[in-house]
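Descriptive analysis of the structure
Each chain, letter by letter, is given below.
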Amino acid sequence: MAEFDILMLPGDGIGPEVTAEGVRALEAIGARFGHDFRTSEELVGGACIDAHGSAILPETIEAAERADAVLWGAVGGPKWDDPRASVRPEQGLLALRSSLGLWANLRPVTVDPALIDSSTLKPEVLRGVDILVIRELTSGIYFGRPQERRTIDGRRAAVDSMTYNEDEIARVAHLGFQLARGRRGRVTSVDKANILETSRLWREVVEEVRPEYPDVELEHVLVDAAAMHLIRRPADFDVVITSNLFGDILTDEASMLAGSLGMLPSASLGEVREDGRGRGLYEPIHGSAPDIAGQGVANPLAMFLCTALLLRHSCGLEAEAQALEAAVAAAIGDGLRTADIAGDGEAALGTREMAEAVLERLAG
């Protein structure tokens, strides 16, 4: 029996609803394969601001550092959206990524054939789409300093700084080339090198790393062109490496290929040990969706797929990860849908109903 400590950080909006299903998935995997997943839970985001005046507590970060992995729900909502606020829910996520050294965000984007009609794009554009976006996570414009409001000649102004050093870029490039070797052998590096000095450095460093991977094809694409190509010819992409800001935007765009934000997981990783495992934070990219919070209609599938990534990357349980992914695919293949992926006239299951359907297929 393998034992693992998993920290659950449900957060706000639909975060607690989908995270609860992630816990049930871990319990089901434990029962089927004979593992013990010990879970604990802490406040983050808006819930933590309301209770403690901070988006995350130091003791929560310490708990994350002790855990084998962190399963994150979502943070934010209209209640905490005042742009003048000095404390915002998202600060908890940024602080945790930084403290844990989670510098690479892996966002797989695949199109299940059974869900092609859920996308607004033509079916022939979506066939064969299997993209892995690697987003740099702990630098760039989200972490650059200065980041502040100013008064200039009596008028309000603001500044955000985008900074990168060569080591931060090189490690993302190495990871992209390494993962491409196990896929289709193609890396697309996305930047804005025609305008930004940080992007010119990004492109330069990626080219310096390139000779170590002669078996991998590399292309450089400007971010505005990449945004267009994701809609026009998404199946041409294999592994995409890009900066923090560009990765954030492009993966939300790419979620529409899969039909819904509710289908896409992500894994935030740092350094891995020799056994290939490492502490990670696993998070659906759908956000807190306050408009449907508490209604029991959120799609739990992204959280199940996050749990599969957790099993694979932080626990070293590949067979278990594949079993959970297969259960998700089986439920979709059997025509089961939540509201966000249901077509006209199709019945929509609630959060718990869809979760039960997946867990039934997991149990066999």
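Read on for an overview of the structure. For clarity, every value in this text was computed on a predicted model and none was experimentally measured. (Residues numbered from 1 in each chain as written. Predicted model: local features only at pLDDT ≥ 70, side-chain atom pairs only at ≥ 80, totals over all residues. Heavy atoms only, no water.)

Attention shifts here to the nonpolar core. Grouped together as the largest cluster of nonpolar side chains are 86 residues, with contacts concentrated most on F37, I131, I134, F177, L257, Y282 and L301. Sort the elements by how many residues they give to this core and helix α10 (residues 301-313) lands first, with 9 residues. Residues in contact with Y282, not counting those within four places in the same chain, are A69, V70, L71, W72, S266, A267, L269, C306, L309, L310, H313 and S314. Listed in part, the 16 residues of the second largest apolar core include L7, L9, V44 and L93. (Core = buried A, V, L, I, M, F, W, Y, C linked by side-chain atoms within 4.5 Å. Buried < 20%, exposed > 50% of the residue type's maximum accessible area, 1.4 Å probe, protein only. Helix = DSSP H or I, 4+ residues; strand = E, 2+ residues; numbered from the N terminus. Contact = heavy atoms within 4.5 Å.)

On to helix α11 (residues 318-333). Helical periodicity: at 3.6 residues per turn, an α-helix aligns residues three or four positions apart in one direction. For α11, which comprises 16 residues, the first-to-last C-alpha distance of 22 Å matches the rise-based estimate of 22 Å (1.5 Å per residue) to within 8%. Those residues of α11 that sit buried are E320, A321, A323, L324, A327, V328, A331 and I332. Here the buried face of α11 lies against α1 (15-33), α10 and α12 (351-363). Of the residues trailing α11, G335 is marked for its positive phi of about 90 degrees. (Expected span 1.5 Å × (residues − 1).)

With that settled, consider the pairing of strand β6 (residues 148-152). Here 5 bridges tie β6 to strand β7 (residues 155-159), and the two strands are oriented antiparallel to one another. Within the sheet, the bridge partner assigned to T151 lies in β7 and is R156. Taking the residues between adjacent antiparallel strands as the criterion, β6 and β7 are bridged by 2 residues, where D153 takes a positive phi near 55 degrees. (Pairing = 2+ DSSP bridges.)

All told, the structure shown has 3 aromatic pairs when counted by the stated rule. Ring geometry for F4 versus F37: centroids 5.5 Å apart, planes at 20 degrees, classification stacked. Placement of F4 in strand β1 (residues 3-11) and of F37 in strand β2 (residues 36-41) is noted, with a sequence separation of 33 residues between them. Overall, F4 belongs to the buried group, its relative accessible area being 4%. An angle of 10 degrees between the planes, with centres 5.0 Å apart, marks the rings of F177 and Y213 as stacked. One end of the pair, F177, is in helix α6 (residues 166-181); the other, Y213, is in the loop between α7 (197-209) and β9 (217-222), with 36 residues separating them in the sequence. A relative accessible area of 0% places F177 in the buried class. (Phe/Tyr/Trp six-rings, centres within 6.5 Å; stacked < 30°, edge-to-face > 60°.)

What follows concerns the pairing of β1. Note on strand geometry: in a regular strand, side chains alternate between the two faces of the sheet. The buried fraction of β1 amounts to 7 of the 9 residues, a majority that puts the element mostly inside the structure. Regarding topology, α1 serves as the crossover connection from β1 to the parallel β2, and that connection is right-handed. Bridge count between β1 and strand β3 (residues 69-74): 5 bridges; the pairing is parallel. Residue I6 lies in a different strand from β3, and its bridge partner there is A69. (Right-handed = clockwise from strand over helix to strand, strands pointing away.)

Following both chains from N to C, one finds α1 and α12 inclined at 15 degrees, their axes separated by 11 Å at the closest point. Here α12 runs roughly parallel to α1, going by the angle between their axes. Seen along the crossing, α1 lies across α12 with a hand that is right-handed. Residues E17, E21, R24, A25, A28, I29 and R32 of α1 form the contact with α12, whose own contacting residues are T351, R352, A355, E356, L359 and L362. (Axes fitted to C-alpha atoms, helices over the stretch in contact; angles between N-to-C directions. Parallel < 35°, antiparallel > 145°, perpendicular 65-115°, else oblique. Left-handed = near helix turned anticlockwise from the far one by under 90°.)

Time to look at the sheet that holds β3. In spatial order, the strands read β2-β1-β3-β12-β11-β4-β5-β10-β8-β9; together these 10 strands make up an open sheet with mixed pairing. Only two strands of the sheet have a single neighbouring strand rather than two, namely β2 and β9. For this sheet, the mean angle separating the axes of adjacent strands, direction not counted, is 25 degrees. On top of the sheet, α1 reaches β1, β2 and β3; it is set at about 165 degrees to β1, its chief contact. α10 rests against β1, β2, β3, β4 (104-110), β11 (267-269) and β12 (280-282) of the sheet, and its axis sits at about 165 degrees to β3.

Right, let's talk about the environment of V358 for a bit. Within the secondary structure layout, V358 lies in helix α12. Sequence separation between V358 and E325 is 33 residues; the distance between their C-alpha atoms is 9.3 Å. Setting aside chain neighbours within four positions, we find V358 in contact with L301, F304, L324, A327, V328 and A331.

Inspection of the secondary structure puts S260 in the loop between α9 (244-254) and β11. Within polar-contact distance, the side chain of S260 engages the side chain of D340 at 2.5 Å. Once residues lying within four places of it in the same chain are set aside, the contact partners of S260 are S255, D340 and I341. (Polar contact = N/O pair within 3.5 Å; in protein donor to acceptor, adjacent residues only side chain to side chain.)

We now examine the pattern of salt bridges. The tally for this structure, following the rule as stated, stands at 25 salt bridges. Of the charged contacts in the structure, one is a salt bridge between R24 and E21, with a shortest N-O distance of 2.7 Å. Within this pair, R24 and its partner E21 are both found in helix α1, separated by 3 residues, close to a single helical turn. In this pair, the class of R24 matches that of E21, namely buried. A salt bridge links E21 to R352, with the nearest nitrogen and oxygen atoms 2.8 Å apart. (Salt bridge = Lys/Arg side-chain N within 4 Å of Asp/Glu carboxyl O.)

Geometry only, nothing functional implied.
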